[in-house]
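Inside the fold
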Amino acid sequence: MIKTMRKSTLATLGLGNVLDIFQQGKLPVTAAELIDKIFGPASSRRAMVISGANGIVGAGKTMQFASRLQSFGIPIVALDLGNAPDGIGKQYKGLADAFGQAQANKIMENVIRLAYDGSRLPDRLKDFKPKFLLEAIPEILELKKSHYQLFKAAFPDIEIRSVTSGFPASQLGVGIAHPAFPHEVNKVFEIVEGTPSPITQLFWALGLIPMPVGDHWSFVLDVLFCGLTLAASRYHHASNMPFWKTDKYVRHLLGPNPLRAHDAIGAKGANFLTWSCLYHLTKEYGDLFKPTPELEERKESGQNWYPPDHFRPLVNWSLNEQEKEEFDAWILGPLCQMASLMLHENRAHFSYLNSIGEICAQFRRGILAVIRRLGTEASVRLVEKYHSLNPSARQPWYPEEMQKIGEAAWQQLYVNAEHNGDVGVITIGRESYNKDVDAELNRAIDWLHQEKIHKVIVTGDFHLATQLVGADTSEFFPALQKVEAGFAISQSWSQTARRLYQEFATSVAFIHGKRCLGGFLELMVHCHYLVAVDSAELGTPEVTLPVVPGMEGCHWPFRKTAPVHWSKLMHLLLGGKPVKARDSVGWLSDFAGQLDESLRMAWQIASQGNHNLPKREVAQGSLAVDPNVANLPPLDDPLRENGRKAIAATIVASCKATLAEALDIQARHSANFMASPDCLKGKIGAEAKKA
């Protein structure tokens, strides 16, 4: 029996727990199995239809599914009105850039474009025996319903999902697969259906990110994003601060530019969709969601929110402390209130409520992580302050939801832990490492200790994190100004990583996604063993930012590796180019293979089976590492060259020390460089100026 800290997100898809994957040595389902189940055998495949295929959403999804289903021989029928602009043709360049022209042409060969008049399906459609319809026609309820009737009459067993941005399934009469923007590349779909279906599981098996949500108006993403747009618009209405300046302060506070995003998407369409979302939410819930006059006006005019750059005055309009508190109440107050509503309705798994804001709406931290950091009292005060500013929005408000912050669902938004009484698995569901992940990882380790688990596998969650890209660089912004802030981050994160080595009898890092880079790779190499799928890219891109690795990457791998391999590590750290896992065995990783064999190897090691892999011990004493290596690729600017010199110096100093001394030495070097002009002028400094 498997025990978990909180419900895994895989379980919401009907796919069990991550521990099951390791015990069984394979994924719970494969794309090939599900395609046979849904579309029939290879000898007689049925088709997928995308209607409204020339629109922004339809064209993006046509490319996304065509590229994933081409190898399985699934015809993609792209259906739209005869006079619709060629949205699919506009996508070709992106397809060729991603896959190369030859493969792009093969993908396009499998896309069959059919035109119709909107009231009768083309006769040729029957030749393709459609099995799955993804509907992306305009947001007009009766039009959608009549569209479904056309398909159901012609193909009674067809599966239908709507990409609608707001209508519940109860209104539409079909299931929902609402995709996040941008549609060509974003993999997230909000799914509304009674029970997890093979269609949803196929999305997962194809590398997409389905997230089951409740059947409520506007789901989760649009409540958050349209709600944030509304909050910014309301602050403008109350203060007369220009839209672009309001947007700037929203970015400082949370990360996104909601008004700018509307202009970038296309204000005419985006303004209408946001207004429509808020209009329906207002009818359902009241004035918390009532559109402002400015939004009503732009819904009709399609006018941009930002003026042209040459009309934007360079006014140094800053907020004093009292004005800043009021701004926070106008923006965070309604978002906290909207979050309380979604929690009260149990709209989705807590990790979905939180991660949708990050992955789809560009929040630096998801809304639940923001509320958790604020704490119960502060978040309630913000909402109450907002009510004093906007009394008509007092309801719906569920402050009791904020009292539950101490529960596991709130506390483990990104990191989960499972065990079977013998072996534990820690899963990480965020692609970049930050303070929240660090704190949750520590709590997961503590929980496994309380459960008396001494063997552990550390891995991505096989769902929300399709890769592990390293540290969240926004965490370094305070360190650009204060050396001690950088030292505290590097020291504390390194101490967390050491727990994986020191506090378990056996620890196995398992890398199954496309890549594991930077701080996440530093974390993983602290495990006793590192197992990866052979195609995964492992790398330390810090030199390209530039920044000095802060989680012991400048000495820990050297201590686990024979001197004959040190030059490879130097190239990895000083060159910035990743290496395939298959080429890193023996000096960085311990095993790399196909997914199933890597899963079995990780389980054999963790369960202390017969794996025949030597355990690479960590050298405790001083190492004499030569920083001079041949054939390093040239770097294209002085900042990176200085970063390379700083990394080389950190390698020498931290390796020369004992293991006990090295943590603080590397942390100090990393912190000193973060506060240097070279880092401030680099990528992280540029990001900090924007934020």
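Because the structure is a prediction, the values reported are computed rather than measured. (Residues numbered from 1 in each chain as written. Predicted model: local features only at pLDDT ≥ 70, side-chain atom pairs only at ≥ 80, totals over all residues. Heavy atoms only, no water.)

Helix and strand counts for the chain come out as 29 helices and 20 strands. Each principal axis of the C-alpha distribution contributes one length, and for the chain these read about 75 × 70 × 50 Å. The buried share of the chain, reckoned over its 691 residues, is 60%. Roughly 26,800 Å² of accessible area belongs to the chain as shown, and the carbon and sulfur atoms make up 52% of that amount. Positive and negative side-chain charges in the chain, numbering 72 and 72 respectively, have mean positions lying 2 Å apart. (Helix = DSSP H or I, 4+ residues; strand = E, 2+ residues; numbered from the N terminus. Buried < 20%, exposed > 50% of the residue type's maximum accessible area, 1.4 Å probe, protein only. Areas by Shrake-Rupley, 256 points an atom, 1.4 Å probe, with all protein chains shown as cover. Lys, Arg positive; Asp, Glu negative; His and termini not counted. Charge placed at Lys NZ, Arg CZ, Asp CG, Glu CD.)

Evaluation of the coordinates by the stated rule reveals 22 aromatic pairs. For the ring pair Phe151 and Phe155, a centre distance of 6.5 Å and an interplane angle of 40 degrees mean the geometry is tilted. The burial state of Phe151 is the same as that of Phe155; both residues are buried. Look at Tyr433 and Trp493: their rings are 5.0 Å apart centre to centre, the planes differ by 75 degrees, and that puts the pair in the edge-to-face class. You can see Tyr433 sitting in strand β12 (residues 432–433) and its partner Trp493 sitting in helix α21 (residues 483–502), a full 60 residues away along the chain. You can call Tyr433 buried: its relative accessible area is 0%. Within the aromatic cluster, the residues linked to one another by ring pairs are Phe65, Phe132, Phe189 and Phe203. Taking the ring centre of Trp305 as reference, the NZ or CZ of Arg298 above it sits at 4.8 Å. One cation-aromatic arrangement involves Arg430 over Tyr414; the distance from NZ or CZ to the ring centre is 5.4 Å. (Phe/Tyr/Trp six-rings, centres within 6.5 Å; stacked < 30°, edge-to-face > 60°. Lys NZ or Arg CZ within 6 Å of the ring centre and 35° of its normal.)

Taken in spatial order, the 3 strands make up an open sheet running β16-β18-β19, and their pairing is mixed. Of all the strands in the sheet, the pair left with one neighbour each is β16 (515–517) and β19 (579–580). As defined by bridge partners, strand β18 (residues 537–539) adjoins β19 across 2 bridges and the pair is classed as antiparallel. Each bridged residue has a counterpart across the sheet, and for Leu538 the counterpart in β19 is Val579. (Pairing = 2+ DSSP bridges.)

Taken together, the 7 strands give an open sheet; going across it, the order is β1-β10-β11-β13-β15-β17-β20, and neighbouring strands pair in mixed fashion. Edge strands, defined here as strands with exactly one partner in the open sheet, are β1 (3–4) and β20 (591–593). Of the pairings in the sheet, the one linking strand β13 (residues 455–460) to strand β15 (residues 506–511) comprises 5 bridges and is parallel in character. Each bridged residue has a counterpart across the sheet, and for Ile457 the counterpart in β15 is Val508. The sheet contacts of helix α20 (residues 435–450) involve β1, β10 (415–419), β11 (423–428) and β13, and relative to β10 the element is tilted by about 15 degrees. (Contact = heavy atoms within 4.5 Å. Axes fitted to C-alpha atoms, helices over the stretch in contact; angles between N-to-C directions.)

This part takes up the nonpolar core. Core analysis: the largest hydrophobic core is formed by 231 residues, its most contacted members being Phe22, Met48, Leu368, Ile426, Phe558 and Ile651. Element by element, the count of residues in this core is highest for helix α15 (residues 321–344), at 12 residues. Not counting residues up to four positions away in its chain, the partners in contact with Phe558 are Trp566, Leu569, Met570, Leu573, Leu623, Val625, Ile651 and Cys655. (Core = buried A, V, L, I, M, F, W, Y, C linked by side-chain atoms within 4.5 Å.)

The next thing to look at is the pairing of strand β5 (residues 130–135). In terms of burial, β5 is a largely internal element, 6 of the 6 residues being buried. Summarising the sheet, strand β2 (residues 47–51) and β5 pair through 5 bridges and their orientation is parallel. Its bridge partner lying in β5, Ile50 is registered against Leu134. Regarding the hand of the β-α-β motif, the stretch spanning β5, helix α7 (residues 141–154) and strand β6 (residues 159–162) is right-handed. (Right-handed = clockwise from strand over helix to strand, strands pointing away.)

This model, assessed by the stated rule, comprises 34 salt bridges. As a salt-bridge pair, Asp86 and Arg113 come within 2.7 Å of each other at their nearest N and O atoms. Highlighted residues: Asp86 in the loop between β3 (76–81) and α5 (87–99) and Arg113 in strand β4 (residues 111–116), separated in sequence by 27 residues. The class of Arg113 is partly exposed, set by a relative accessible area of 42%. Between Asp97 and Lys93 there is a salt bridge, with its nearest N and O atoms 3.0 Å apart. Of this pair, Asp97 and Lys93 are both found in helix α5, 4 residues apart, which corresponds to roughly one turn of the helix. (Salt bridge = Lys/Arg side-chain N within 4 Å of Asp/Glu carboxyl O.)

Turning our eyes to something else, we now look at the pairing of β13. With 6 of its 6 residues buried, β13 lies for the most part within the structure. The pairing of β11 with β13 spans 6 bridges and is classified as parallel. Each residue of the ladder has a partner; that of Ile428, found in β13, is Gly460.

With that settled, consider helix α3 (residues 31–39). Buried within α3 are the following residues: Ala31, Leu34, Ile35, Ile38 and Phe39. Down the axis of α3, the smallest arc covering the buried residues is 105 degrees, so these residues share one side. Gly40, located one to two residues past α3, shows a positive phi value of around 90 degrees. (Arc of directions from axis to C-beta.)

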